[in-house]
Amino acid sequence: MNVLQQDFEEAMGEMALAAASARAYALSWKDRTGRKVVGSFPMHFPAELVQAAGGLPVVLQEVADEITVGHGVIFPFYCGFTRSTVDQAASGTLDFADGIVFGDTCVQILGAADVVRMELPDINVYFFQLLACMRDSWTEENVYDTLSKSRRGVEQMLDTEITDDALWSAIHLFNQNRSLIREIYDLRRRNPDLLTAVELQTIVKSSMIMDKTEHTGLLQRVVSGLRERAPGQDRSVRVFVSGHMCHAPKPEILNLIEEAGAIIADDDLYTGFRYVSTDIEGEGDPILAMVRGYMAKNAKVPDPTKIDPEVDWEGYLLKAVAASRSQGMIILMPKYCEPHYYYYPEIKEAFEAQGVPHLLIETDHEEAPLESLRTRIETFVELARQREFA
Amino acid sequence: MNLYALGVDFGSMTAKAVIVDQEKRVVAWSVIDKGVMIEDGAREAIADCLHQAGLTFEQVAATISTGYGRRKLDMAQRTITEITCHARGANAMFPDCRMVIDIGGQDSKVIAVDDAGHVQEFAMNDRCAAGTGQFMGVLARALDVPLQDIGDLSLKGGHDITISAMCATFAETEVVSLRAQGTSTPDILAAINESVAKRTMGLVRRVGKRTPIAMTGGVARNIGVVRALETQLGEPLLISDASQTAGALGAALFALDDARRGIKAEPLQPDFRGEADRFVEPGGKGGCKPASLLIPSDPVA
Amino acid sequence: MTAETIVRTPTSNRLKTTSLNNKMVTEYWDDLFSAKEDGKLVCWFEGVSINPLLQTMDISWCHGEAWSALLAAKKEEQPALEAAEERGYQRELCSYARTHLGSGVLTKNNQIPGTPNHTEMAGRAPAPDMIISAYPYCSTGQQWDEMLYRLFGKKVPVFNITLPYIWGNQKNDTYMHGEDFEDAVKFLTKQLRDCVTFLEEVTGKKFDYDRLGEIMQYTKKASELRLEAMDLCIARPAPATFFEWSLSIAPVNFLPSGPPIVDYFQKLKDEIAGRVDAGIGSVPKEKYRLFWDGIMNWGKLGWMAEKFANYDACMVAGRYTHMGFWQEPHLIDCKDPLEGMARNYLVCPINHSAPSMIDRITALCEKYEIDALVMHVARTCRAFSNPQYLIAQQVSKRIGTKVCMIEGDMIDPTFYKDELVNSRVEAMLEAIDAKRSMI
């Protein structure tokens, strides 16, 4: 193995370690630096604020642990992310967070945050309501107002001042991190053999957890390693994977898809392309730049929790499937994810009208019988392959 | 010199085997009531089929396995899912059909098919048992009625009762409660049929109803469910005595395609990084044993 | 007949005035079904009661939840649910939305020339000429309206009102107090004014604020009378039940405002006052006083009333009825009502977070001398079920009320399990008995 390859493996190894346990990483980071951690619920918290305040922003993650005490404070008909997060709060494993922030993503998250606040009375659980309606006349003003308040909220939480300069530094660092991950996506789209779907997930997930400067360094090593690899021969069925807007799909499912003979050519997963799609551009007032970034994000990768008549998720998906030369789309829909439930019929209708195959798979925190999933995915691959080579 | 192909459907409750000749005629078929828990089931079905056809295993040009236990069969060159196989098999039985409803032991499926028997869309019941053979089995036991009798008995029932539970366990509670109130067994059985039909209608709606509709799978033998489903569909169902073997038939036809193309095995993907237990290629790519070592010389188990 | 036991002779002593409510509701729906023939514009909305704005402009309205509840109560929800399923809406989605979207599909199909009309009730809602979204707390509501908008081809004018969620970021934020609350009132009031402009644009008419003021006078009066009537239920035995209060939501929720609703609540209050004087209770042998937390189970209202009456239990009050629907009428200034309306909208029973909600529920339980909470856990309504464990724990801790949780749903009967309800309710009542015998 040459040096670049070894470097690549080591960098991936560090990322995998962080991705395996946000808690372990955060506690060790706190130990090393003596600074504070702010946990955030998905999806739209501008973590640059925490970076600028000298803290470590961590996107809260679903963990594989069985839900135990959590089921005494939240019902089972909630998505895996909310149940796991509540379970972590109730069992004391969110102890790495000195503060928590959440926004109005969906009503399940609002409920989970209410429970988390009651379970963790000693920390500040801060709410910021970023407007869902993207095109109302007051949208930009209201979002500006909310982000300004959030800045003050984070300042209070971390007992420090966030200067404009510090905020711009953070924005540039995060932009750099995002752009490197996007480069990895580009390399992989051309040659999916470069990384497995789980490796790609590890790269994004570790970015959500690790110190961004540290992570950016690792990314540079990964990108260098990848650039050297020769393109492979691509005879598999290509699929686009959509869904899971708040938490990472289980690696077992991604592996199943690959085992069934498909390559995941591209995605719009949160722990995937969604997290890195849009940078914050501009100069001058950093809050204004963040507002514009928030508004631009939905046009880049549509989010069903946003209300925007000009942006059609189904149109985006059809284009993305075509652009990635995929034979079809696999939707991973977390059970009880209402935002996804609402939008799915539009996607179904559009894909059926265009004759593009898609497969809907409901996921949940508890393990689904893998055999049943395997059968569905294999059938889909058989169907897609037959259309491709018909 | 005739070409023969074998299809094996190794399901959760039963094993089915079908042999076709090069004219796509069914030469033999067999159903054994031993499912994937008992490995002999598939071997018995194959042996029985070969015996009926007067063939040895070597005379079979290609074998494909399908069903829940498809990967457990060493003698198959490759596996194809039961959905794809049921579509092909139902199409062979009923060339006009454009939709297949398959209610088996563990799951139920609705498949939209084209005129060549290709799957266009499909939907399967999610992890709960409602609407499957197992659901009916649990409830038949609760009523102390043999499974093979529930169909005829249910036709004597009225239609005033509904069982609303989606879960087999809660449905069982409802059934027990109805019994305690003195509701007749035929009435309860009729309600169970309605419930199964209703669940199936959900899947039909998801895929989008297309006609004519064929029904395959073990529950197709239950005349009560068939009638309830026909009523809710507003369509007659195409069913044959051999409906249960649709999956195996489809697998046999795919095997025949393979045999015609001179293909012994076609790997599903070239650089597969996971387990390679599903297919066998001469030369042993990926650590698999060559086919010849696994085909028993004596077809009788 | 289902597996549920139905008691033929009513045990509970039902209020006579409620039949007047039923009459008003029937008339309202009949009017709505013929709105198009009468040349009226129709607005579809769900969430808070913005109908006074619509009534001011002579626009007819279809309130999504009320429509879904009606279909469930009449056992007519299945065609809508099936249409929704066919389109691809999953079963675990909010059943209000599923029913409404499904009926939207039927209504939309009815618009296609040459196709057979759906004659079932679920297809009778007249197509919308406009959509207004004004959903508190539950983001699901905003998405629901967005999907309706898309269902109707993005052609119907739509107006989105965002109701800020009252979380309480600052320690000194309490019920209706704090900087965040005041900011929310300002923001919401501004949106209501913009909504008025929207209505003017769509109708081409000028909005008459005086007329709104008149309308709100009746709503205010009706609401005051309703609250006074509710207060009378501190009497033992309680003269009315939560189930009847559920029915009586209509006049302060989606029925047109005016003298009839004032008259209704006056009559209701008089009947209840009469019962208090005569010592007549809703449940002949009131042994237990209960509080219903959670949304209603619309398909089983009467059935539930009977069930509890048979247990000698009176469901005296509930979160849904007692913490919503213009419950702060004194805030409404009829000369300039929008701000007072905004304040009321913001404190609808799901729009404030658990600590504030727990305070108010505890206060209600003390006021009505409640023995136990019945938490109706509606499978598809996470907005209501979100804080239920917290409410159960905290209220129980503070004042010793017993709790039982029963599963169900507001519309979909397949989520309801009768046997479980019976055993849990009985266990809870036994626990109350045990506690009493120890005192």
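Treat the numbers as computed from the prediction; the structure is a model and nothing was measured. All chains use their own residue numbering, which begins from 1 and follows the written sequence. Each chain takes a letter, starting from A, and each ligand takes a number, starting from 1, following the order in which they are written. Where totals are concerned, whole chains, interfaces and linings use all residues; where local detail is concerned, this predicted model gives features only for residues with pLDDT of at least 70, and gives and counts side-chain atom pairs only at 80 or more.

Enquirer: Now, about the environment of B:Gly133: what can you tell me, with residues and values included?
Expert: Along the chain, B:Gly133 turns up in helix 3 (residues 133-143). Placing a C-beta atom from the backbone of each residue, one calls two residues in contact when those atoms lie within 7 Å. Setting aside residues no more than four positions away along its own chain, B:Gly133 makes contact with B:Met13, B:Ile103, B:Gly104, B:Gly105, B:Gly218 and B:Val219. Helix and strand labels come from DSSP, where a helix needs a run of H or I of at least four residues and a strand needs a run of E of at least two; each type is numbered from the N terminus.

Enquirer: How would you sum up the packing of helix 14 (residues 338-354) of chain A against helix 6 (residues 139-151) of chain C? Please name residues and give values.
Expert: Here helix 14 of chain A crosses helix 6 of chain C at 5 degrees, and the two axes come no closer than 10 Å. Comparing the axis directions of helix 14 of chain A and helix 6 of chain C gives the class roughly parallel. Packed against helix 14 of chain A, whose contacting residues are A:Glu338, A:Pro339, A:Tyr342 and A:Glu346, the element helix 6 of chain C presents C:Thr140, C:Gln143, C:Trp144, C:Met147 and C:Arg150 at the interface. Side-chain classes are defined by residue name, with Ala, Val, Leu, Ile, Met, Phe, Trp, Tyr, Cys and Pro counting as nonpolar, Asp, Glu, Lys and Arg as charged, and the others, Gly among them, as polar. Residues belonging to the contact of helix 14 of chain A with helix 6 of chain C are distributed by class as follows: four nonpolar, two polar and three charged. Structural elements are reduced to axes, namely lines fitted to C-alpha atoms, with helices fitted over the stretch in contact, and the angle between N-to-C directions of any two is expressed from 0 to 180 degrees. Under this scheme an angle from 65 to 115 degrees is roughly perpendicular, one under 35 degrees roughly parallel, and one over 145 degrees roughly antiparallel; angles in between are oblique.

Enquirer: Residue-level account of helix 7 (residues 223-233) of chain B, with values.
Expert: To assign burial, the other C-beta atoms lying within 10 Å of each residue's own C-beta are counted, with C-beta atoms placed from the backbone; 20 or more indicates buried, 12 or fewer indicates exposed, and intermediate counts indicate partly exposed. Within helix 7 of chain B, burial applies to B:Gly224, B:Val225, B:Val226, B:Ala228 and B:Leu229. Immediately beyond the C-terminal end of helix 7 of chain B, within one or two residues, lies B:Gly234, with a positive phi of roughly 75 degrees.

Enquirer: Please provide a residue-by-residue account of the sheet that holds strand 10 (residues 237-238) of chain B, values included.
Expert: All names here are of chain B. For two strands to be treated as a pair, DSSP must find at least two bridges joining them. Strands sit in the order 8-7-6-9-10 across an open sheet of five strands; the sheet is mixed. Each edge of the open sheet carries a strand with a single partner, namely strand 8 (119-124) and strand 10. Across five bridges, strand 6 (residues 99-103) lies against strand 7 (residues 108-113) in antiparallel orientation. Residue pairing in the sheet places Val100 in a bridge with Ile111 of strand 7. Against the sheet, helix 2 (residues 82-93) makes contact with strand 6, strand 7, strand 8 and strand 9 (213-216), and its axis sits at roughly 60 degrees relative to strand 7, the strand it touches most.

Enquirer: So what's going on with the nonpolar core? Which residues, and what values?
Expert: If you look at the biggest cluster of nonpolar residues, it comprises 366 residues, and the most contacted ones within it are A:Ile257, B:Val8, B:Ala252, C:Leu290 and C:Val316. What B:Val8 contacts, discounting residues up to four positions off in sequence, is B:Ala17, B:Ala42, B:Ala45, B:Ile46, B:Thr63, B:Ser65, B:Leu73, B:Ala76, B:Ala248 and B:Ala251. A set of buried residues drawn from Ala, Val, Leu, Ile, Met, Phe, Trp, Tyr and Cys, joined through C-beta atoms within 7 Å, is what defines a nonpolar core.

Enquirer: Hey, could you go over the sheet that holds strand 3 (residues 99-103) of chain A for me, with residue numbers and the actual values?
Expert: Residue and element names in this part refer to chain A. Strands sit in the order 2-1-3-4 across an open sheet of four strands; the sheet is parallel. A single partner strand is all that each edge strand has here, and the edge strands are strand 2 (56-59) and strand 4 (124-128). Ignoring which end each strand starts from, the neighbouring axes of this sheet average 25 degrees apart. Of the pairings in the sheet, the one linking strand 1 (residues 37-40) to strand 2 comprises four bridges and is parallel in character. Residue pairing in the sheet places Ser40 in a bridge with Val59 of strand 2. Strand contacts of helix 6 (residues 139-158): strand 1, strand 3 and strand 4, with the helix running at about 170 degrees to strand 4, the strand carrying the most contacts.

Enquirer: Explain the environment of B:Ser108 to me, and be specific about the residues and the numbers.
Expert: Residue and element names in this part refer to chain B. Examined against the element boundaries, Ser108 turns out to sit in strand 7. Remark: the alpha-carbon pair of Ser108 and Arg199, spanning 91 residues in sequence, is separated by 9.3 Å. In contact with Ser108, not counting residues within four places along its chain, are Asp102, Ile103, Asn125, Gly131, Thr132, Thr200 and Leu203.

Shape is all these values report; function is a separate question.
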